[in-house]
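Chain residues, written in single-letter form:
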Amino acid sequence: MSVNFLHLRSFYAVASERSVSKAARRLNISQPTLSKQLKALEDRYKVKLIEGVRPPLTLTTAGRALYERAERLFGIADEIGALLGEDDIDSGALLRLGTDSPPCAAEFMAAFKAAVPNAHFRVTIANAMQTNELLLKAQIDIGIICEPPIESDYTYTPLYRDRLVAILPACWPDEGHTVLPLERMAGEVLLVREGTSRTLAAMNRILSEAGIAPGQTMELHTREMIREAVARGLGMSLMFEKECPPDSRIRVLPLDTASSLIEVKGYLAVRTERKRMPLIRQALTVARDMVEA
């Protein structure tokens, strides 16, 4: 009994979006039609694939297994199209993006959307190590990663530069400082990310190079939590400058150091074997245009 690929693509769209309405818009069909196709697939094989009626929908065990295989299937179909010279990006194309830098990812998405108005995104936010793992496992199409480990079968395109800065409560007694002396960090409560965080690793290297032992530390696992804790006067932290949106409750100061350790580069990373796919090729073009702008 051969698989109905129309029904399979409908399932894949719903499973990707976790929403019938979003999947219907992506496929440019009505919601009732999409729901009928999904039900036909479940009825034909007498298996429940998706549970729930409101987004985000949940995949069953069978649904997750089918989704993984459908993802590989349609990925290979896209590669075949690229190999045969098919340059057009399908309506409703989905670009799976993973990143450790939400501001840079948002900037990239805006540029990509301007170039490909019908594109859709599924974004996973994680730290640099986790984002690289997602890329290695082919769970995302592209990664926007700070200083990624170099893998021989991946292509890396420079995308942005950033630097570590200090963030402090607005009421911090600055004593006229326009930069933060590193030695001041020894007497402050430092709010830090989890142990696998690249920001924490960079901070530790900078302090070690300067021969400074950090004082009290408090571990918080998200940038948002750290920014809020700084604003509430619980301590100070180091962040990359692009991750510091304007906030009247927070002061941002450069670090008083000439160390190159505060500087980082971010890259757009893709599997080299997928570079010819229209969607990936467009992503690389957008990345290069952003750097040259």
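The structure under discussion appears in the preceding block.
Given the structure is predicted, the values throughout are model-derived calculations rather than measurements.

Calculation notes
- Residues numbered from 1 in each chain as written.
- Predicted model: local features only at pLDDT ≥ 70, side-chain atom pairs only at ≥ 80, totals over all residues.
- Heavy atoms only, no water.
- Helix = DSSP H or I, 4+ residues; strand = E, 2+ residues; numbered from the N terminus.
- Buried < 20%, exposed > 50% of the residue type's maximum accessible area, 1.4 Å probe, protein only.
- Contact = heavy atoms within 4.5 Å.
- Areas by Shrake-Rupley, 256 points an atom, 1.4 Å probe, with all protein chains shown as cover.
- Core = buried A, V, L, I, M, F, W, Y, C linked by side-chain atoms within 4.5 Å.
- Axes fitted to C-alpha atoms, helices over the stretch in contact; angles between N-to-C directions.
- Parallel < 35°, antiparallel > 145°, perpendicular 65-115°, else oblique.
- Nonpolar A, V, L, I, M, F, W, Y, C, P; charged D, E, K, R; others polar.

Some remarks on the overall build of the protein chain
Counting its secondary structure elements, the protein chain contains nine helices and 11 strands. Seen along its three principal axes, the alpha-carbon backbone of the protein chain occupies a region of about 75 × 40 × 30 Å. Taken over 293 residues, the protein chain has a buried fraction of 44%. Put simply, 74% of the contacts in the protein chain that link residues at least 6 apart link residues at least 24 apart. Total accessible area on the protein chain is roughly 15,100 Å²; 53% of this is exposed by carbon and sulfur atoms.

Examining unusual backbone geometry
A cis amide bond links Pro 55 with the next residue in sequence, Pro 56, at an omega value of -5°. On the secondary structure map, Pro 56 appears in the loop between strand S1 (50–51) and strand S2 (58–59). Phi angles above zero are rare outside glycine, and Lys 46 is one such case at about 50°. Note that Lys 46 resides in the loop between helix H3 (31–45) and S1. Using a relative accessible area of 75% as the deciding quantity, one classes Lys 46 as exposed. A positive phi angle, near 45°, is found at Glu 147, a position not held by glycine. Looking at the secondary structure, you find Glu 147 in the loop between strand S5 (142–146) and strand S6 (154–169).

So, the nonpolar core
Membership of the largest hydrophobic core comes to 45 residues, with the highest contact counts inside it found for Phe 108, Phe 112, Ile 142, Leu 180 and Met 185. Among the elements that make up this core, the one with the highest residue count is helix H9 (residues 278–292) (six residues). Not counting residues within four places of it along the chain, the set of residues in contact with Phe 108 comprises Leu 95, Leu 97, Ile 142, Ile 144, Leu 268, Ala 283, Val 286, Ala 287 and Met 290. Core analysis: the second largest hydrophobic core is formed by 18 residues, Ala 15, Leu 34, Leu 59 and Phe 74 among them.

Thoughts on the environment of Ala 65
Locating Ala 65 in the fold gives a position in helix H4 (residues 61–83). A relative accessible area of 29% means that Ala 65 is categorised as partly exposed.

Describing the packing of helix H2 (residues 20–27) against H3
In helix packing, the relevant descriptors are the interaxial angle and the interaxial distance, both defined with respect to the helix axes. One way to put it is that H2 packs onto H3 with a least axis distance of 9 Å and a crossing angle of 105°. Of the possible angle classes, the one that applies to H2 and H3 is roughly perpendicular. Between H2 and H3, the residues in contact are Val 20, Ser 21, Ala 23, Ala 24 and Leu 27 and Gln 31, Leu 34 and Ser 35, respectively. Among the residues making up the contact of H2 with H3, the classes are represented as five nonpolar, three polar and no charged.

Some details on helix H8 (residues 223–231)
Three or more residues of H8 are buried, namely Arg 223, Ile 226, Arg 227, Ala 229, Val 230 and Ala 231. In this fold, the buried residues of H8 make contact with helix H5 (102–115), strand S4 (120–125), S6, strand S7 (190–192), strand S9 (237–240) and strand S10 (250–253). At the C-terminal side of H8, Gly 233 shows a positive phi close to 80°.

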